[in-house]
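Geometric and topological summary
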Amino acid sequence: MLETFDQHRLEQLQPDDISDSLERGSIVYFPTSPVALPARDDLDFLREELPSLLKLKNISYHPESGKVHGLDAGDAETGARVTRILRQVSDDIAAFLSTAAPRLTDNWTVGTSSFRPMQERGRNLDPHASNELVHIDAGAYGATHGDRILRFFINVNPQEDRVWASKGNFSELLQSHGERADLAYRRAGPEYLAKGPLDHLWSGVVKGLTSAGLPTARVLDSSPFDREMRRFHNYMKDTPDFQQDMSNHQEFRFPPFSAWMVFTDTVSHACLSGQFAFIHTCIVRLESCRLPEIAPINLLRQAAAAH
Ligand SMILES: [Fe+2]
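Presented here is a report on the structure given in the accompanying data block. (Residues numbered from 1 in each chain as written. Predicted model: local features only at pLDDT ≥ 70, side-chain atom pairs only at ≥ 80, totals over all residues. Heavy atoms only, no water.)

Let's shift gears to the coordination of the iron ion. Surrounding the iron ion are the protein donor atoms His135 (NE2), Asp137 (OD) and His269 (NE2), which sit 2.1 to 2.2 Å from the metal. Ordering the donors of the iron ion by residue number gives the pattern H-x1-D-x131-H. Residues His135 and Asp137 agree in their burial class; the two are buried. (Donors = N, O, S within 2.8 Å, 3.2 Å for Na, K, Ca; no water. Buried < 20%, exposed > 50% of the residue type's maximum accessible area, 1.4 Å probe, protein only.)

Another point: empty space enclosed by the protein. Over the atoms a probe the size of a water molecule is rolled, and this reveals where empty space is left. What the rule picks out here adds up to one cavity of 30 Å³ or more. Forming the boundary of the largest cavity are Asp137, Ala138, Gly139, Thr144, Asp147, Ile149, Phe225, Asp226, Met229 and Asp265. With three residues, helix H8 (residues 224-238) is the largest single contributor of residues to the lining of the largest cavity. Of the residues assigned to the lining of the largest cavity, the class counts are four nonpolar, two polar and four charged. (1 Å grid on protein atoms, 1.4 Å probe; cavity = no way out; pocket = protein on both sides within 12 Å on 5 of 7 lines; lining within 4 Å. Points joined across faces, edges and corners; volume = space filled by probe spheres on them. Helix = DSSP H or I, 4+ residues; strand = E, 2+ residues; numbered from the N terminus. Nonpolar A, V, L, I, M, F, W, Y, C, P; charged D, E, K, R; others polar.)

Attention now goes to the pairing of strand E3 (residues 59-62). By the alternation rule, side chains of E3 split into Ile59 and Tyr61 and Ser60 and His62, which are all buried. Pairing geometry for E3 and strand E5 (residues 109-116), over three bridges, is antiparallel. Its bridge partner lying in E5, Ile59 is registered against Phe115. Sheet topology note: the E3/strand E4 (residues 67-69) ladder contains three bridges and is antiparallel. (Pairing = 2+ DSSP bridges.)

Nonpolar side chains collect at one region of the surface, where Leu198, Leu201, Trp202, Val205, Leu209, Val219 and Leu220 lie side by side and expose about 670 Å² of accessible area between them. Mapped onto the elements, Val219 comes out in the loop between helix H7 (197-211) and H8. (Patch = residues over 30% accessible without salt bridge, like charges linked within 9 Å, V, L, I, M, F, W, Y side chains within 5 Å. Areas by Shrake-Rupley, 256 points an atom, 1.4 Å probe, with all protein chains shown as cover. Salt bridge = Lys/Arg side-chain N within 4 Å of Asp/Glu carboxyl O.)

So, on to the side chain of His135. Along the chain, the position of His135 falls in the loop between E5 and strand E6 (148-155). Residue contacts for His135: discarding those within four places in its chain leaves Ser130, His233, Met236, Lys237, Val267, Ser268 and His269. (Contact = heavy atoms within 4.5 Å.)

This structure, assessed with the given rule, holds 18 salt bridges. For Asp182, the salt bridge is made with Arg186, and the minimal N-O distance between the two is 3.1 Å. We classify Asp182 as partly exposed; its relative accessible area is 38%. Residue classification places Arg186 among the partly exposed residues on the basis of a relative accessible area of 29%. Put simply, Glu228 and Arg231 hold a salt bridge, and the shortest N to O gap is 2.3 Å. In this pair, Glu228 and Arg231 both sit in helix H8, three residues apart, roughly one turn of the helix. When its relative accessible area of 2% is taken as the criterion, Glu228 is described as buried. What emerges from the salt-bridge pattern is a single network uniting Asp16, Asp20, Arg103 and Arg290.

Before going further, it helps to examine the environment of Leu104. Within the secondary structure, Leu104 is located in helix H5 (residues 102-105). According to the relative accessible area criterion, Leu104 is buried, its value standing at 2%. Separated by 79 residues in sequence, Leu104 and Gly25 place their C-alpha atoms 15 Å apart. Here Leu104 is in contact with Ser19, Leu22, Leu150, Met261, Phe263 and Val284, once residues within four sequence places are set aside.

Rendered as structure tokens:
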């Protein structure tokens, strides 16, 4: 499940190597981050100052509004510094991907750039918000409508690994748990995952709000596909048997200053422990995929057709 791209491999990279690996459900792993890290004093500032200023689950820069969310008021200077650092990380990741995996960035949507200042182990968050429970991502930055959720992670803890767990990819999980999760494909007709009039109406309202100066309204958007994914996401987090089942359980340790990326709508994941990481989210167009038949929306359609 883990595919390593070290310096040697990066030097011989072909344009579709990384994107193919991601589409097949691998975690693309870089032993050393291929993206430049912020200056040392900026990293020290994030690690030392932000834990006490955290208001939400994470601190995130939202490119659509140009604002940082999750920071407890603080002074304007602190906000401006966090914004500058997170925007630079986002730009550097985008620049790296545009040459290393150009297919991914074609007409993509760059989403949030966030910093995770808290120790992930034992955060006691609400189960649906918890990173410690294995899940697939459902919706990110609003509805995806079948597009792909790509996340890029950098561990910037100088001492501690970031530890992940997975219980397989979407295709395996749909087969083994689709029925128990009571997903709608089992009783759906030919209209399965097609947007109805109300969905179109609602998406139109959300679009109107975003273009009328409320860019963050995009998170309100929804679609039948996103709701099906949410059902699966909630099933995984709400089912102790699933969490305790070790038959297809794997753990991964990401050392200090390593980086990794993954289609989080495809690879199930949990962050078991670790503190201080950058997480960059973007939405890759389904039509940019070379293997769209194994994207979640098409796997669901195939499962519905087989019923
Ligand atoms: Fe996730």
